[in-house]
Amino acid sequence: MPKTATAVGPQILAQAARKAREQGRGVRSHRSTRDAPVEERVAVLEARWEETVPTLATSRDISDLRGEMGELRGELRGEMRSLENRLLKWGVGAVLALLAVLAATFSATNARIDSLAARQDARMDALDAKLDARFDALMTELRAIRER
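Each value, and the rule that gives it
Residues numbered from 1 in each chain as written. Predicted model: local features only at pLDDT ≥ 70, side-chain atom pairs only at ≥ 80, totals over all residues. Heavy atoms only, no water. Helix = DSSP H or I, 4+ residues; strand = E, 2+ residues; numbered from the N terminus. Buried < 20%, exposed > 50% of the residue type's maximum accessible area, 1.4 Å probe, protein only. Areas by Shrake-Rupley, 256 points an atom, 1.4 Å probe, with all protein chains shown as cover. Patch = residues over 30% accessible without salt bridge, like charges linked within 9 Å, V, L, I, M, F, W, Y side chains within 5 Å. Salt bridge = Lys/Arg side-chain N within 4 Å of Asp/Glu carboxyl O. Lys, Arg positive; Asp, Glu negative; His and termini not counted. Charge placed at Lys NZ, Arg CZ, Asp CG, Glu CD. pLDDT = per-residue confidence, 0-100.

## Regarding the overall build of the protein chain
Point 1. A count of helical and extended segments in the protein chain gives four helices and zero strands.
Point 2. Going residue by residue from the N terminus, the α and β elements of the protein chain occur as α-α-α-α.
Point 3. Scored against the burial criterion, the 148 residues of the protein chain give a buried share of 3%.
Point 4. For the protein chain, the accessible area works out to roughly 13,700 Å², and carbon and sulfur atoms hold 59% of it.

## Side note on a negative patch on the surface
Point 1. Where like charges cluster on the molecular surface, the negative patch consists of D64, E68, E71, E75 and E79.
Point 2. Judged by relative accessible area, which is 38%, E68 ranks as partly exposed.

## Some thoughts on a nonpolar patch on the surface
Point 1. A cluster of nonpolar side chains, namely L88, V92, V95, L96, L98, L99 and L102, defines an oily patch on the protein surface of about 680 Å² accessible area.
Point 2. Mapped onto the elements, L102 comes out in helix α4 (residues 59–147).

## Here's the deal with the confidence of the model for the protein chain
Point 1. Averaged over every residue, the pLDDT of the protein chain is 83; the share at 70 or more is 76%.
Point 2. The secondary structure element of the protein chain with the lowest average pLDDT is helix α2 (residues 30–35), at 57, and the one with the highest is α4, at 93.

And the structure:
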């Protein structure tokens, strides 16, 4: 496919002038061409014309490019759908993993709390039994003191 012409910016013109100087071709600024004879100016314009015309796009080139762009657009859409599906799967997987970690943490914490509560209940029962025994001992001592 031939190269297509685009709008030429000042940077491109300056780069072309440097390249022409490096290759030994003379490049004149636009101001100096006005002072040149008409034949020389026409020759410069013809040279530019011969360089520019082969790079211009034809209607067939543009229609071919449109067809290629359509194909690329379809491929890109397919790739985007695929990427979107992969991202969705990763997102759902991450959420499920987070929920699993939270559930495991919750159940482990509850199990630890239950074991601590059972130990605390056992200690309280032992202290309650000691307290009851001590209370009974004090009550019998108090009754013994009253009976005297």
